[in-house]
Amino acid sequence: MNVPGERPILEARGLTRRFGGLVAVNNFSFSVHEDAIHGLIGPNGAGKTTTFNVISGFYAPTAGRVLFRGLDISGRKTSALAAMGLVRTFQGSTLFQEFSVLDNVRVGRHLGARAGFLSRLIGTDRISEREADAKARETLAFFGLEELAGEPVSNLPHGHQRMLGMAVALAAEPKVLLLDEPFTGMNPEETRRMMALVRRIRDRGVTIMLVEHDMQAVMNLCDIITVMNFGALLVEGAPEAVRNDPAVIEAYLGSTDGAGHAS
Amino acid sequence: MDLLWQTAVNATYAASYMALIAVGLVMIFGVMGVINFAHGELYMVGAYCVVFLYAQETFPFLLAVAAGLVFVGFVGIVMERTMFRPLRDNPLGGLIASIGFLLILQTLAVFGFGRRMGHVPPSTQGKIEIFGAILTYQRLFVIVAAILLLAALWAFLKRSKFGRALRACAQDAEAASLQGISMNQTARVAMFIGAGLAGVAGALTAPLVSPTPYIGHSIIVTAFIIIIVGGVGSLEGAVIAAVLYAFVHTFVTTFFDGVIANIVGLALMLAVLIVRPTGLFGARERA
Amino acid sequence: MQAAGTGGLVRRTAWRLRLVFLFAMLAALPYLLSYSQQEIAVLLVINVLLVCSYRLLTLTGEWSLGHVVIMGVGAYASALLAKQFGVPVPLSMLLGGCMAAATAALLSFPLFRMKGFYFLIGSFAAGEIIRLIWKRFTDPFGGPKGLKRIDPFPDIEASFLSVDFYEPVNYYFLALAVVSVSLFVLYRIERSRIGLTFHAIHWQDRLAESVGVDTFRYRTLAFVIASFFAGIAGGLYAHYVGAVNPTRFSVDQMVYVLVWAIVGGTATFHGPILGVVVLTVINEIVLRALGLDTARPLIYGAILILSVLYLPNGLESLGPRLQARWRRWRGGPAAAGREPA
């Protein structure tokens, strides 16, 4: 098993995000170390998704900073973050449903397949495009989807679509991959396969941060887990420590009791 | 000083009929999620109801105005049934279909009345003076009628069961249908009221504007500016924005010229779209 | 799966043959037409470029109502450059296209803060402002009457060849050449990765953004390219007709572009071309023959509504649909599950 590196590759410092009067994330800090699989969990409405959206550049933070490899990236555009190596996935089967499987991954190769406007026009981008295609097929093979390259996405079963979503992100060659609820809605068999995939992605040198509801999967997969509640840090630590922490148990019990006013 | 005051009185008149048009457009958008591009032509049809019934067939003016409201309201119901209902999941399609409908209404008006301006004799003579500013009875009548109609609409929406249903559909169509509110029924009423308001605005102002089949163009531009400034989906916002726009437009027209006033109005709308796409008084954006 | 080797070669040859045939038809066409029909053919060719450039913009999912005004920017710019500064007409047309592209680049900053309805209305407002500026400022735009006596395309007077572009036939060939090259460029753009990225932005802009696509830049790129070719169409128009005015580029004209695009179908490259050709033929030949000139907007309106309701993918979807029905009707087991391409 890999040991996470010492250097933090992704950090949040005093992150705060307000929507009108509502404080979704409140002075929240954490750091993700290189080569880690880092889980972010918390009861419903704890601010996980908002945190995720701030890190990935969808919202700017109201206060605080996000650092990527020591560089302040708060408020930068999602596309600029992707160019730096910070790539996110989406919940469910957010894909280019009208495209073929291969074309989805080809869009994922956007950053790798550079060519000037004129060379696109006269077709001298063929070299870089061929390379992009090879990379795309390689990525598909990594997920065991190479046979389906020509299929329209809408023909794929749900589990395959979820893997394809990850393939699109991986094609962008991220340093850090942010996974948004990668196991939600999967059966145990699919979850097991997906977990193995996530580990293999990490073994390729990609640091992983994931937001997830499935506690079992998170406990088995992650090296370190950050628990949020009411927009702030509750506990952080190794899975066993977090599992037995009374504050975490109470937060989760509290949220099931008070599900009515959770959001 | 006199000119300022007179211009303010003129702007009040402009605000009154613009508010009727804009509130109708917002109403249609609120319930059906469709921007009705043919709204200016609904105004035009209302105006031609008066041209036909009052100016040509010499029925009483008030009767012609009422007929304008009801007839255009029914045109609205036809639009809902034939276009907006089948295209409910396709708002862009609804908009484009309404552009097609606009062309049909325009051509029918040309067939019925020719391309030239329709002449409508004034229904009342005389004028009053308010602190030195002159207001003709004809214009005063438009202002009073607009206030009465909007007040009646407001009361209807606040008090009646139907008003609640309308507001529920405008907020969340799915939730409304779960509560047993009929979407079709509500859309039909909203379309009748929305179109009827445009029609009655056309009917009321027919003696003052000399309608042509192509008058809808300037009307829809005005209505767009108002609903964008007011926040698409907000009835109160539409009224406030109508007053605001009418004053800006009337004053710029008086002190510069009409084209500059149109440019200023459009620039105002563009500025609002850039800074706050949901409008100055609007709440949330519709998905 | 298709074997790339011989199958591809055969298909490519067939495709080329079809293209040669098409150009032969287009070359013969003006000689089969009357003088006034030749004039219509010139405008039709220009409109093909207009609607095809419009489609490129719609690839990113945004529908503008300002495209005809942008065409007007090209027309006014080219006309003014030729009239006031004596710029040679072919160059002024090119500069007109650049002017239209520059206008689009400028407008993209406010407009692409909006999406969907808001973009539609915003583009409408921006277009109206430009049109009102032409109307208001007589110097240099000529006010409501616009510009007249615009320099024609220069005649070719060589010893062995003399071409007078006042003749519709000759201007037809000029426009055909310019439009063919433009369409080829538009086609190449769509088939390249740029086109793939446009489509990607249309279907899932957040996903595209997450893998590094700067969606604002690509929307602007689509807008600028589309506007450049609309501007070229405007230049072709201005130096053919010899006059432009603000009304010529009003929203009524935009409605026609919308109708052509939607009735033809925007899913494929040839859809809008089909739309503009079919509707122009119906309009100019059938309606004129029936003496229904004044009913033209009504019929266009009805066609627009009916196609939105019953043919949401346009005329271009009609062929595959009829084929599928034909196959189903014959009821072959092999044909049963097959979907039209």
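Residues numbered from 1 in each chain as written. Chains lettered and ligands numbered in written order. Predicted model: local features only at pLDDT ≥ 70, side-chain atom pairs only at ≥ 80, totals over all residues. Heavy atoms only, no water.

A. Region of the structure containing the pattern of salt bridges. This structure, assessed with the given rule, holds 24 salt bridges over all chains. The salt bridge involving E173 of chain A is made with R109 of chain A; its shortest N-O contact spans 3.6 Å. Taken together, the residues span a long stretch of sequence, with E173 of chain A in the loop between α6 (158-171) and β7 (176-180) and R109 of chain A in the loop between α3 (101-108) and α4 (117-122) at a distance of 64 residues. According to the relative accessible area criterion, E173 of chain A is partly exposed, its value standing at 44%. A relative accessible area of 7% places R109 of chain A in the buried class. Its salt-bridge partner being E62 of chain C, residue R219 of chain C comes within 3.7 Å of it at the nearest N-O pair. One end of the pair, R219 of chain C, is in helix α10 (residues 215-241); the other, E62 of chain C, is in the loop between α2 (35-58) and α3 (67-85), with 157 residues separating them in the sequence. Taking relative accessible area as the criterion, R219 of chain C reaches 7% and is therefore assigned buried. By relative accessible area, E62 of chain C is classed as buried at 3%. (Salt bridge = Lys/Arg side-chain N within 4 Å of Asp/Glu carboxyl O. Helix = DSSP H or I, 4+ residues; strand = E, 2+ residues; numbered from the N terminus. Buried < 20%, exposed > 50% of the residue type's maximum accessible area, 1.4 Å probe, protein only.)

B. Representation of the packing of helix α7 (residues 168-191) of chain C against helix α8 (residues 193-203) of chain C within the structure. Residues and elements named next belong to chain C. It is the contact of α7 with α8, at a shortest axis distance of 4 Å, that shows an interaxial angle of 65°. If you check the angle between α7 and α8, you find them roughly perpendicular. Residue-level inspection shows I189, E190 and R191 of α7 in contact with α8, the latter providing R193, I194, G195, L196, F198 and H199. Residue classes in the contact of α7 with α8 are distributed as four nonpolar, two polar and three charged. (Axes fitted to C-alpha atoms, helices over the stretch in contact; angles between N-to-C directions. Parallel < 35°, antiparallel > 145°, perpendicular 65-115°, else oblique. Contact = heavy atoms within 4.5 Å. Nonpolar A, V, L, I, M, F, W, Y, C, P; charged D, E, K, R; others polar.)

C. Spatial organisation of the packing of aromatic side chains. Considering all chains together, one arrives at 35 aromatic pairs over all chains under this definition. Centroid distance Y54 of chain B to F61 of chain B: 5.2 Å. Interplanar angle 70°. Geometry classified as edge-to-face. Take Y54 of chain B: its relative accessible area is 14%, and that puts it in the buried class. Each member of the aromatic cluster is reached from another via a ring pair, and the members are Y76, W134, F141, Y237 and F249 of chain C. Taking the ring centre of F137 of chain C as reference, the NZ or CZ of R136 of chain C above it sits at 5.5 Å. (Phe/Tyr/Trp six-rings, centres within 6.5 Å; stacked < 30°, edge-to-face > 60°. Lys NZ or Arg CZ within 6 Å of the ring centre and 35° of its normal.)

D. Main features of the sheet that holds strand β2 (residues 22-33) of chain A. Residues and elements named next belong to chain A. If you walk across this open sheet you meet the four strands as β2-β1-β4-β5, and the pairing is antiparallel. A strand with exactly one partner marks an edge of an open sheet, and here the two such strands are β2 and β5 (71-72). In this structure, strand β4 (residues 63-68) lies alongside β5, joined through two bridges in antiparallel fashion. When the bridges of β5 are listed, L67 appears paired with D72. (Pairing = 2+ DSSP bridges.)

E. Spatial organisation of the interface of chain B and chain C. If you look at the interface, chain B gives 41 residues, while chain C gives 35 residues. A buried area of about 3400 Å², summed over both sides, lies between chain B and chain C, and 85% of it is on carbon and sulfur atoms. In this assembly, chain B and chain C are joined by one salt bridge. Note that R136 of chain C and D257 of chain B form a salt bridge whose closest N and O atoms lie 2.6 Å from each other. Our count for the chain B to chain C interface comes out at three residue pairs in polar contact (both at pLDDT 80 or more). Elements with a contribution of two residues or more to the side of chain B that touches chain C: α3 (61-84), α4 (91-113), α9 (216-230) and α11 (258-275) of chain B. For the side of chain B that touches chain C, the leading source of residues is α4 of chain B, giving 14 residues. (Buried area = accessible area lost by both parts, 1.4 Å probe. Polar contact = N/O pair within 3.5 Å; in protein donor to acceptor, adjacent residues only side chain to side chain.)

F. Up close: the pairing of strand β10 (residues 232-237) of chain A. Residues and elements named next belong to chain A. As paired elements, strand β9 (residues 224-229) and β10 share five bridges and run antiparallel to each other. The partner of M228 across the bridge, within β10, is L233. Turn length for the β9-β10 hairpin, with the two strands adjacent in sequence and antiparallel, is two residues, and the turn residue F230 shows positive phi of about 50°.

G. Spotlight on the arrangement of the chains. Looking across the two pairs of chains in contact, one finds the most contacts between chains B and C. Taking C-alpha atoms as the reference, chain A and chain B come no closer than 12 Å and do not contact one another.

H. Highlighting the domain arrangement of chain A. Residues and elements named next belong to chain A. Taken domain by domain, chain A consists of domain 1 (1-85 + 177-263) and domain 2 (96-173). In this assembly, domain 1 packs against domain 2 so that about 1200 Å² is buried in total across both faces, 71% of it on carbon and sulfur atoms. Connecting domain 1 to domain 2 are zero salt bridges. Counting the contacts that link domain 1 with domain 2 gives three residue pairs in polar contact (both at pLDDT 80 or more). Of all the secondary-structure elements, those providing two or more residues to the side of domain 1 that touches domain 2 are α2 (78-84), β7 and α7 (188-203). The leading source of residues in the side of domain 1 that touches domain 2 is α7, at six residues. For the side of domain 1 that touches domain 2, the class distribution of residues is 12 nonpolar, one polar and four charged. (Domains from an automatic or database assignment.)

I. Examining the confidence of the model for chain C more closely. Residues at a pLDDT of 70 or more form 95% of chain C, whose mean pLDDT is 88. Low pLDDT, under 50, characterises residues 333-341 of chain C; the predicted model gives this stretch four contacts beyond four residues in sequence or across chains. (pLDDT = per-residue confidence, 0-100.)

J. Inspection of the interface of chain A and chain C at higher detail. Across the boundary between the two partners, chain A contributes 32 residues, which contact 24 residues of chain C. For the chain A and chain C pair, buried surface summed over both sides reaches about 2600 Å², with 67% attributable to carbon and sulfur atoms. There are two salt bridges connecting chain A and chain C. Here K77 of chain A makes a salt bridge to D214 of chain C, at a shortest N to O gap of 2.8 Å. Between the two partners, chain A and chain C, sit five residue pairs in polar contact (both at pLDDT 80 or more).

K. Just a negative patch on the surface, in detail. Taken together, the side chains of D155, E157, D164 and E167 of chain C make up a negatively charged region of the molecular surface. Mapping D155 of chain C onto the fold places it in the loop between α6 (138-141) and β1 (156-157). (Patch = residues over 30% accessible without salt bridge, like charges linked within 9 Å, V, L, I, M, F, W, Y side chains within 5 Å. Areas by Shrake-Rupley, 256 points an atom, 1.4 Å probe, with all protein chains shown as cover. Lys, Arg positive; Asp, Glu negative; His and termini not counted. Charge placed at Lys NZ, Arg CZ, Asp CG, Glu CD.)

L. Expanded view of the confidence of the model for chain A. Predicted confidence across chain A gives a mean pLDDT of 87, with 94% of residues reaching 70 or more. Across chain A, the element-wise mean pLDDT spans from 74 in helix α10 (residues 246-257) of chain A up to 95 in strand β6 (residues 86-88) of chain A.

M. Local environment of the side chain of S128 of chain A. All names here are of chain A. Residue position: S128 is located in helix α5 (residues 126-142). Accessibility expressed as a relative area gives 18% for S128, which makes it buried. Within the structure, the side chain of S128 is placed 3.1 Å from the backbone oxygen of D125, a separation counted as a polar contact. Setting aside its immediate chain neighbours within four residues, S128 contacts A113, R114 and A115.

N. Examining the sheet that holds strand β8 (residues 207-211) of chain A more closely. Residue and element names in this part refer to chain A. Read from one edge to the other, the open sheet built from six strands follows the order β6-β7-β8-β3-β9-β10, with strand pairing classed as mixed. Strands at the two margins of the open sheet, each flanked by one partner only, are β6 and β10. Put simply, the sheet's adjacent strands are angled 20° from each other on average, direction ignored. Sheet topology places β6 next to β7; three bridges connect them, and they run parallel. Bridging across to β7, R88 finds its partner in L178.

O. Main features of helix α1 (residues 48-55) of chain A. Burial of α1 of chain A is extensive: seven of the eight residues sit out of reach of the surface. Residue G57 of chain A follows α1 of chain A closely and has a positive phi angle near 85°.

P. Region of interest: a nonpolar patch on the surface. A cluster of nonpolar residues, L274, V277, V278, V281, I282, I285, V286, L290 and L292 of chain C, forms a patch on the protein surface that exposes about 640 Å² of accessible area. Topologically, V278 of chain C is positioned in helix α12 (residues 270-290).

Q. Representation of the environment of I127 of chain A within the structure. With respect to the element layout, I127 of chain A can be found in helix α5. Sequence separation between I127 of chain A and V25 of chain A is 102 residues; the distance between their C-alpha atoms is 46 Å.

R. Spotlight on helix α13 (residues 296-310) of chain C. A rise of 1.5 Å per residue sets the reference length of α13 of chain C, with its 15 residues, at 21 Å; its end C-alpha atoms lie 21 Å apart and thus fit the reference within 8%. Among the residues making up α13 of chain C, those that are buried are Y300, G301, L304, I305, S307 and V308 of chain C. Down the axis, α13 of chain C shows its buried residues gathered within 165° of arc, on one side only. Where the residues of α13 of chain C are buried, they touch α3 and α4 of chain B together with α11 (251-264) and α12 of chain C. (Expected span 1.5 Å × (residues − 1). Arc of directions from axis to C-beta.)

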